[in-house]
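# What the coordinates show
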Amino acid sequence: MGSYVHIILTAVIAFPFIAFLFTFPYIIYNYRKYGSVLSFRILVVYSFILYLLCVYFLVILPLPSIHEVAQMTGPRVQPVPFMFIRDIFKESSFRLGDPSTWLSLVKNAAFFQVFYNFLMVMPFGIYLRYYFRCSFKRTLLFSFLLSLFFELTQLSGLYFIYPRGYRLFDVDDLMSNTLGGAAGYLCAPALMRLLPSRENMDKASLRRGQEISLTRRLLALCFDLFLIFIVNSVLLALIQEEWAKDSRLSLLLAFLYYTLVPTLTGGRTLGKLILRMRIAGTDGARPKWYQYALRCGSLLAYLFALPPLLSLPTFLVWFFYLLWTAILAVRHRELFYERLSRTKNVSTVPCEDP
């Protein structure tokens, strides 16, 4: 048991690094599908990733040395179904006529190995039914495929890193894992009564997605700035002149980008297209080109042209108003450059999941 705890702790330590790689694509996916990222959905999905990581580590750890594996001569595959029954009887002191020995059937290593394999995949079946809304047949299939992946990982010597498998490919493990997934599917309704349904999560996400959050604005800005940076770098490489390196030209490029591109695309820039949002008039009509120019120009002037002209007291006023603007954005309120240009960000995600 102590070794299992140590392996699970190892998975918990590794989890933040895996989550970091997964987070950005997952956030983009949620904003594209729902227009928002629901906290409870994050909890469910990340707990699923942590669960899979723990199970995977239980399958491959502890890692032996390559030399140790090279010296192994035992069988690599156990292809006979239900061999675990013989092993349980073999390791127990069971005698039919002596009831005091019956308990030994469930108090031996062979039984616990099958039982742990069964329990290991039960949460997988629960997740498949609760969050991924899989049918019983699909749950059975995916549980089998997950178990097969684990067994092949062992048979291949951790994808041929080792000269041979350092653990046995066991047909009984495939059976117990698959049955564990099926049992998880059957047990899921008891848990589903206590948690919000996937349908309710989707409705809440879509409802919240109709408002443009600060995070969504910033992610769209990151994509736009990346594109502007690429274009600016290409221009600098093509124009080998000192004047081309003036930072004001970068601001001009940003101004032209945020004015011309939305004018031509109906209020969308690259970032807004990816995050499924666009610029619309406060009256619902499509903005004119000068509204885009006023929107972008007023923001750029406030952020870059105004600060060098300010004294310390007025700079503090400028800074605190910038913080206030960020607070308004968090609260989904109208910002100063939106009031000036009579424009706003609107979501292009449908109100209902298609």
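All values derive from a computational prediction rather than experimental measurement.

## Some points on unusual backbone geometry
Looking along the chain, the bond that leaves Leu-61 and enters Pro-62 is cis, with omega of -5 degrees. Summarising the element assignment, Pro-62 is placed in the loop between α2 (39-60) and α3 (66-70). Here the phi dihedral of Phe-160 falls at roughly 70 degrees; this positive angle occurs in a residue that is not glycine. Structurally, the position occupied by Phe-160 is in helix α7 (residues 157-160).

## Notes on the packing of aromatic side chains
Evaluated as defined, the whole model comprises 31 aromatic pairs. Plain terms: the ring middles of Phe-136 and Tyr-185 are 5.3 Å apart, the flat faces sit at 70 degrees to each other, and that makes the pair edge-to-face. Placement of Phe-136 in helix α6 (residues 136-155) and of Tyr-185 in helix α8 (residues 171-192) is noted, with a sequence separation of 49 residues between them. Taking the relative accessible area as the measure of exposure, Phe-136 reaches 33% and is therefore partly exposed. Here the aromatic rings of Tyr-302 and Phe-336 are separated by 5.1 Å at their centres, their planes lie at 55 degrees, and the arrangement is tilted. A residue pair is termed long-range when its members are at least 10 positions apart, and Tyr-302 in helix α13 (residues 289-305) and Phe-336 in helix α15 (residues 336-341) qualify at 34 residues. A single burial state applies to Tyr-302 and to Phe-336, both of which are buried. Lying across the ring of Tyr-185, Arg-129 places its NZ or CZ 4.2 Å from the centre. Directly above the aromatic system of Tyr-131 lies the positively charged group of Arg-198, at a separation of 4.2 Å from the ring centroid.

## Regarding the environment of Leu-61
Within the secondary structure, Leu-61 is located in the loop between α2 and α3. A residue is classified by how much of its surface remains accessible, and Leu-61, at 17% relative accessible area, is buried. Here the alpha-carbon distance between Leu-61 and Ile-8, two residues 53 residues apart in the chain, equals 9.9 Å. Contacts of Leu-61, omitting those with residues within four sequence positions, involve Ile-7, Thr-10 and Arg-167.

## Topic: the pairing of strand β4 (residues 343-347)
Taking burial as the measure, the 5 residues of β4 include 4 buried ones, the bulk of the element. With 5 bridges connecting them, strand β3 (residues 277-281) and β4 associate as antiparallel partners. Bridge pairing in β4 places Ile-279 opposite Asn-345.

## Quick word on the nonpolar core
A general trend in soluble globular proteins is that nonpolar side chains are found buried together. Within the largest apolar cluster, 37 residues are counted, with the highest numbers of intra-cluster contacts made by Tyr-51, Phe-57, Ile-60, Phe-124 and Tyr-131. Aside from chain neighbours lying at most four places away, what touches Ile-60 is Thr-153, Leu-158, Tyr-166 and Arg-167.

The rules behind these values
Residues numbered from 1 in each chain as written. Predicted model: local features only at pLDDT ≥ 70, side-chain atom pairs only at ≥ 80, totals over all residues. Heavy atoms only, no water. Helix = DSSP H or I, 4+ residues; strand = E, 2+ residues; numbered from the N terminus. Phe/Tyr/Trp six-rings, centres within 6.5 Å; stacked < 30°, edge-to-face > 60°. Buried < 20%, exposed > 50% of the residue type's maximum accessible area, 1.4 Å probe, protein only. Lys NZ or Arg CZ within 6 Å of the ring centre and 35° of its normal. Contact = heavy atoms within 4.5 Å. Pairing = 2+ DSSP bridges. Core = buried A, V, L, I, M, F, W, Y, C linked by side-chain atoms within 4.5 Å.

Taken by themselves, the reported measurements are silent on function.
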